[in-house]
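# Per-entry structural report
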2 protein chains.
Amino acid sequence: MPAAKEVFIAVIGAGGVGKCFLSQLEGLSKRSSSKLSLIFVSRSKTALYSPKYTALPYDNISTALADSKQEPLSVPKIIEYLSAAPAKVVLVDNTSSQDVADAYPAFLAKGISIVTPNKKAFSGSYKLWQDIFSAASTSGAKVYHESSVGAGLPVISTLKELVDTGDEVTRIEGVFSGTMSFLFNSFAPTEGSGGKWSAEVKKAKELGYTEPDPRDDLNGLDVARKLTILARLAGLPVESPTSFPVQSLIPKELESVSSGDEFLQKLPEFDSQMEETKVAAEKEGKVVRFVGSIDVAKKEVKVGLEKFDRSHPIAALKGSDNIISFYTKRYGANPLIIQGAGAGGDVTAMGVTGDLIKVLERLS
Amino acid sequence: MPAAKEVFIAVIGAGGVGKCFLSQLEGLSKRSSSKLSLIFVSRSKTALYSPKYTALPYDNISTALADSKQEPLSVPKIIEYLSAAPAKVVLVDNTSSQDVADAYPAFLAKGISIVTPNKKAFSGSYKLWQDIFSAASTSGAKVYHESSVGAGLPVISTLKELVDTGDEVTRIEGVFSGTMSFLFNSFAPTEGSGGKWSAEVKKAKELGYTEPDPRDDLNGLDVARKLTILARLAGLPVESPTSFPVQSLIPKELESVSSGDEFLQKLPEFDSQMEETKVAAEKEGKVVRFVGSIDVAKKEVKVGLEKFDRSHPIAALKGSDNIISFYTKRYGANPLIIQGAGAGGDVTAMGVTGDLIKVLERLS
């Protein structure tokens, strides 16, 4: 057996997903056939690295990072530091930063591979999307972002394989937000009657299923970003996540209230709107769900409320699960369906770790 | 851009899956960044190849193979021929031959990578399983077999990723046979009452959903082979597909009748057995399904009839779809579920083509 190939790992972001990833990376470093040297790790306020690229110990790395006296580097400085490294580098971006995302073409052009759950790079402008894949293609660096849709669920790899093997994807449909899934499974359950809309939103926030300001979930943008990514992979040159119809569940009157708390306080005044929608669906024997869909032939992408039969897989979803259905020429009438937790630190980090393994296997 | 890397492709088997694969390979050869040279193709009675490894034209290759005057080579001769090839070789085994499967360690030891839907190699003796992966590990050749379970559905890649990223798979459960799925979705539908068991088996055979002799589906061995593969990937050293309980749906009295036709003719005499099972489930408000399950902690694998609530995803399956649920530590109470067509030439070939792409990306 030849000596293990050394690969340098640089990690930006040590929040919920970042901490889980660092823990998974420690496990992977013990099993991998490559020698994985963590040479850089940073969060918003601190960083850990050495000018000589000395490998950092994995043990208690999150605590060591929090206690570090080193300041984080600017993105250009990180590129400079990693470009001069004496081995191949994989950058793991566990932030949701647009700044870092905007620099992906620069990282990739320098031969630095990227794995990330950050949706911003792949759902921003179409030009950034093109620049990213063109830089990767030219330099041979790899870029994977499985966790940008459906967390660790094999959504992006499956769609890519359908396309790469020559299948024709005709339609993609599903529930792409754990928050929306939880809200509607409680608000309009298939059996029994759910609670009031505002009460369900409040409960979801208390359980940690929403962003600090729930409007960041209810505006539909998160789902629109995921649809943008899938539509582009299916071959549609979608310009941005705001270039197709996205239904916001924020009442117009509450769009500009100053805080999430004020929003939650005033939301009960608007419960009748959502109640009407629910009752209208019930009269047809259906339930309402917040879904995204892509009609590839018609080049239509949309995000919003739709009604489903109670026996439909989308209606029957549980907890905060995601479900994604791929309708293709080969699969015919019954779609290829992937379902399961689409949010959470551990499953999101798992998608990132899986991507890292794919890059390691492909680095020659 | 450097010149495209040339990779030699050798294909054994040109039946239902084989023909679909050859058609997908032709498409892939036009899109791949590697130069894919088809240097060998064979079926039971004929072959096409040249001593100088001249690339065969993809156009009408199935017809050319059928019309060929060249006789197929023995497995040792194929190994000899491919080992001397002046480029890296990927063998695509589209047969269900135990002989070819038994030779995988020899192919792999010579650096020949393998992609295949053939279940025999991975569900035969545990020694063969060990020999295959040990030969691959030593030589660096790759071996992928996504289509050996669930055809093109991402079942094996998902299970591998769960394991490789450090998740703990606790239980795997599902419907693993398109034939059994079709039979039970018709025999014991969630709404309405199904037909008689023997009539459903006859209909399934007429529609091409069963093997020529339906007993080859009803004995449960096909499902047992798939469970053997998944259990081994989950870490259980299952000795063989007959080393755990497998329920056969062939009445004892019909095990030894001479033909599939005679079997079908006599099956109505035994309808009461299956009818009793169905009625017993109905009394509990349930439906009966033929499933496989793996309890990793208890090291238990079993295949047979089980009862499910009508709202359970396994009960709600349609047509001849497969469904596979992975229960893991990270995914918690709600499993990661993959569902869709688990049989058919095009979707099976798609899994093989997807595996070939993975090998091409990893060949350095």
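These figures come from a predicted structure and were not determined experimentally. Note on numbering: residues in each chain are counted from 1, in written sequence order. Chain letters start at A and ligand numbers start at 1, both assigned in the order the entries are written. Selection of residues for local features in this predicted model requires a pLDDT of at least 70, selection of side-chain atom pairs for listing and counting requires 80 or more, and totals for whole chains, interfaces and linings are taken over all residues. Side-chain metrics in this entry use all non-hydrogen atoms of the structure; hydrogen atoms and water are not considered.

### Quick notes on the UniProt feature "binding site: L-homoserine" (unreviewed entry) in chain A
All names here are of chain A. In the numbering adopted here, UniProt assigns the feature "binding site: L-homoserine" (unreviewed entry) to Glu211. The helix and strand labels rest on DSSP assignments: H or I over at least four residues marks a helix, E over at least two residues marks a strand, and numbering proceeds from the N terminus. Inspection of the secondary structure assignment puts Glu211 in the loop between helix H10 (197-206) and helix H11 (215-218). Each residue is placed in one exposure class: buried if its accessible area under a 1.4 Å probe, protein chains only, is under 20% of its type's maximum, exposed if it is over 50%, and partly exposed if it falls in between. Judged by its relative accessible area of 39%, Glu211 falls in the partly exposed class. Only heavy atoms matter for contacts: two residues are in contact if any of them lie within 4.5 Å across the pair. Discounting chain neighbours no more than four positions away, the residues touching Glu211 are Asp216 and Asp217. UniProt positions are given in the numbering used here, feature names are shortened, and annotations may be inferred rather than shown by experiment.

### Observations regarding the sheet that holds strand S9 (residues 300-309) of chain B
Only strands that DSSP links by at least two bridges are regarded as paired with each other. The strand order S9(A)-S8(A)-S7(A)-S10(A)-S11(A)-S11(B)-S10(B)-S7(B)-S8(B)-S9(B) describes an open sheet built from ten strands, whose pairing is antiparallel. The open sheet is flanked by strand S9 (300-309) of chain A together with S9 of chain B, the only strands paired with a single partner. Here the average twist between neighbouring strands, direction ignored, is 20 degrees. As defined by bridge partners, strand S7 (residues 169-175) of chain B adjoins strand S10 (residues 321-328) of chain B across six bridges and the pair is classed as antiparallel. Its bridge partner lying in S10(B), Glu173(B) is registered against Ser325(B). With respect to the sheet, helix H14 (residues 271-283) of chain A is in contact with strand S8 (286-295) and S9 of chain A, its orientation differing from that of S8(A) by roughly 95 degrees. Across the sheet, helix H14 (residues 271-283) of chain B lies against strand S8 (286-295) and S9 of chain B, angled at about 95 degrees from S8(B), the strand it touches most. Angular values range over 0 to 180 degrees, each being the angle between N-to-C directions of two axes fitted as lines to C-alpha atoms, with helices fitted over their stretch in contact.

### Examining the pattern of salt bridges
Any two side chains of opposite charge can pair, given that their charged atoms come close. Residue and element names in this part refer to chain A. We count a salt bridge whenever a side-chain nitrogen from Lys or Arg sits within 4 Å of a carboxyl oxygen from Asp or Glu. In this structure the tally under the stated criterion is 31 salt bridges over all chains. With its nearest N and O atoms 2.7 Å apart, the salt bridge here joins Arg171 to Glu173. Since its relative accessible area comes to 27%, Arg171 is described here as partly exposed. Overall, the relative accessible area of 6% leaves Glu173 in the buried class. With its nearest N and O atoms 2.9 Å apart, the salt bridge here joins Asp222 to Lys226. Here the residue Asp222 and the residue Lys226 both occupy positions in helix H12 (residues 221-233), the gap between them amounting to four residues, near one helical turn. Overall, Lys226 belongs to the buried group, its relative accessible area being 7%.

### Quick word on the relation of the copies chain B and chain A
All copies are superposed by least squares; the fitting set is the C-alpha atoms of residues with a pLDDT of at least 70 in both. Between chain B and chain A, the superposition needs a rotation of 180 degrees and an axial shift of 0.0 Å, giving an RMSD of 0.0 Å. What the rotation and shift describe, once combined, is the action of a two-fold rotation axis.

### With respect to H14(B)
An α-helix turns once per 3.6 residues; consequently, residues spaced three or four apart project the same way. All names here are of chain B. Helix span is expected to be 1.5 Å times the residue number reduced by one. The terminal C-alpha atoms of H14 lie 18 Å apart, and with 13 residues this matches the ideal 18 Å at 1.5 Å per residue to within 8%. By the burial criterion, the buried members of H14 are Asp271, Met274, Lys278 and Ala281. Down the axis of H14, the smallest arc covering the buried residues is 100 degrees, so these residues share one side. Exposed and facing more than 90 degrees away from the buried side of H14 are Glu276 and Lys283. Packed against the buried residues of H14 are helix H9 (178-187), helix H10 (197-206), S8 and S9. As used here, the arc belongs to the directions running from the helix axis to the C-beta atoms.

### Some points on the packing of aromatic side chains
Residues and elements named next belong to chain A. A pair of Phe, Tyr and Trp rings is counted when the ring centres sit within 6.5 Å of each other, with Trp represented by its six-membered ring. The angle between the planes then sorts it: under 30 degrees is stacked, over 60 is edge-to-face, the rest tilted. With the rule as written, the count across this model stands at 26 aromatic pairs over all chains. The interplanar angle of 45 degrees and the centroid separation of 6.2 Å between the aromatic rings of Phe122 and Phe133 together place this pair among those described as tilted. Pair noted here: Phe122 is in helix H6 (residues 120-123) and Phe133 is in helix H7 (residues 126-139), with a separation of eleven residues, a long-range link. Assessed through its relative accessible area of 26%, Phe133 is described here as partly exposed. Among the aromatic residues, those joined into a ring-pair cluster are Phe8, Phe40, Tyr49, Tyr53 and Tyr81. Its guanidinium or amino end placed over the ring of Phe187, Lys278 lies 4.2 Å from that ring's centre, counting from NZ or CZ. Counted as over-ring charges are cases with an Arg CZ or a Lys NZ within 6 Å of the ring centre that also lie within 35 degrees of the ring normal.

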